[in-house]
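Okay, here's what each chain looks like letter by letter:
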Number of protein chains: 2
Amino acid sequence: MTDLKKNTIEVCFSPKLFPDRLTKENYIVVIVDILRATTSICTAFKNGVKAIIPVATIEEAYEYKKKGYIIASERDGKVTDFADFGNSAFNFTVERVKGKTIIYSTTNGTQAIEMAKSAKNVVIGSFINLKSLTEWLVKHNKNVVILCAGWKNKFNLEDSIFAGVLVENLLKYPIFKINCDSASAALDLWKLAKTDLLGFIEKAAHRHRLKKLGLDDVLEYSFTLNTSDVVPVLDDKIIKDVNNNSENL
Amino acid sequence: MTDLKKNTIEVCFSPKLFPDRLTKENYIVVIVDILRATTSICTAFKNGVKAIIPVATIEEAYEYKKKGYIIASERDGKVTDFADFGNSAFNFTVERVKGKTIIYSTTNGTQAIEMAKSAKNVVIGSFINLKSLTEWLVKHNKNVVILCAGWKNKFNLEDSIFAGVLVENLLKYPIFKINCDSASAALDLWKLAKTDLLGFIEKAAHRHRLKKLGLDDVLEYSFTLNTSDVVPVLDDKIIKDVNNNSENL
């Protein structure tokens, strides 16, 4: 296989940089918001949720609330007043989510999903589903754009090092190559972080934001690799797990 | 001195991220476009240019051309047809620039300068003036926002590692602290790069762009520290060296 025929891997460190990405065709977007949306979405599917409908605004979430849906919503780490629960992965328990459809709105993650909707394929990435995500991307054999949700459009460490481990995993397959400096940088940061992930993430600003709010109990869970084999994919405004038949759970 | 009173250091990896920066008050913007605008501007002042007027568009540059000014301009590494010369640092020779005022327009750098104009203080940073820049920032004792020009709004390695070395230098002074994950990441990338700067930059996409165009002769020069003591500062649309009285050169 010549280099020209390889699929490209590109990383956007912020949703603001997504419109200027190099990759314009035939690509899958991987949405990343480790603390906390994408880790929580993976957890919900691991615990048998039927579907998740991500909405960007609190107003949209409220419209669904009036129709009787279960709402998970937060802004800046605080649970939205009318929501059933907030954004922590630990909220999405089997008791609460199994067989249900949940409406989901967060500070950063669901807005990144909104932005990526123009892409044909949008998939949810987190440390907990890294292996199944990688296998799914390899099977689909397309260009990959890793879209870090960041924090209010800013670069953040936790999403960037996840981008790095995904780059490292994909490069094990000869069908992929790096397409941009941000993918190189993410890989370098991951290599620095991987021997002591929680130690490295001590530097992250958002880790301190969560600590301040008493919401950092999910840290160890969020940085543990491959505890789930879900592959949540966005299909016409609804996220479903394409790796497991959640209808039958 | 308590931590609260320290000046913050923030890094924007792309001009697109500048409007969302955390630091909104009392700050100096350091513009960085290592390959090649900010290295070239520092070189011009080292070689005795009187002033540089950066303009964002080719149309503005052409208006100045009609008035008889010397024009340095390029887009995507190619010299603009009506320009006197292009964007390589090696073009700004003593013979060409000493005592002159030059109009300057480039793909990324001058557009980043345009974006930063809202800030009260805008200064030009490159590896070649790192030490004098650091001393000037310490003397001015304000918050610092390092604005990487990137490549067409995308993250790039060369500007990011310069941001990293500037962070490292400023943190030697107790009046500064890091304010964001991007400053941590830039510092980490610089620490990886510093033992073999040219080797590290081999990974950079723009380095390959320049090589393709036969414009990579400036690489070693651009990554050599402290060959000049200039501090080019933007003052009402005109850049002048505030560290040397260029009027008397």
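Up top you'll find the structure we're talking about.
Residues numbered from 1 in each chain as written. Chains lettered and ligands numbered in written order. Predicted model: local features only at pLDDT ≥ 70, side-chain atom pairs only at ≥ 80, totals over all residues.

(A) A look at the nonpolar core. By size, the foremost hydrophobic cluster in this structure holds 161 residues, and its most contacted members are Ile31 and Leu147 of chain A together with Ile31 and Leu147 of chain B. Dropping the residues within four chain positions of it, Ile31 of chain B is found in contact with Thr38, Gly109, Ala112, Ile113, Ala116, Val122, Ile124, Gly125, Leu147 and Ala149 of chain B. (Core = buried A, V, L, I, M, F, W, Y, C linked by C-beta atoms within 7 Å. Buried ≥ 20, exposed ≤ 12 C-beta atoms within 10 Å, placed from the backbone. Contact = placed C-beta atoms within 7 Å.)

(B) Quick look at the packing of helix H5 (residues 130–140) of chain B against helix H6 (residues 157–170) of chain B. All names here are of chain B. In the contact formed by H5 and H6, the axes pass within 10 Å of each other and the chain directions differ by 50°. The angle between H5 and H6 places the two elements in the oblique class. Note on packing geometry: the crossing formed by H5 with H6 is right-handed. Contacts from Leu130, Thr134 and Leu137 of H5 reach H6 at Val165, Leu166, Asn169 and Leu170. Residue composition of the contact of H5 with H6, grouped by class: five nonpolar, two polar and no charged. (Axes fitted to C-alpha atoms, helices over the stretch in contact; angles between N-to-C directions. Helix = DSSP H or I, 4+ residues; strand = E, 2+ residues; numbered from the N terminus. Parallel < 35°, antiparallel > 145°, perpendicular 65-115°, else oblique. Left-handed = near helix turned anticlockwise from the far one by under 90°. Nonpolar A, V, L, I, M, F, W, Y, C, P; charged D, E, K, R; others polar.)

(C) Focus on the relation of the copies chain B and chain A. The two copies are related by a screw motion: chain B maps onto chain A through a turn of 180° and a shift of 0.0 Å along the axis, at an RMSD of 0.0 Å. Both copies are brought into coincidence by an operation consistent with a two-fold rotation axis. (Least-squares fit on C-alpha atoms with pLDDT ≥ 70 in both.)

(D) Representation of the interface of chain B and chain A in the model. Each partner contributes to the interface: chain B provides 23 residues, whereas chain A provides 23 residues. Only H6 and helix H7 (181–193) of chain B provide two or more residues apiece to the side of chain B that touches chain A. Top contributing element to the side of chain B that touches chain A by residue count: H7 of chain B, with seven residues. Here the residues of the side of chain B that touches chain A are counted per class, giving ten nonpolar, six polar and seven charged.

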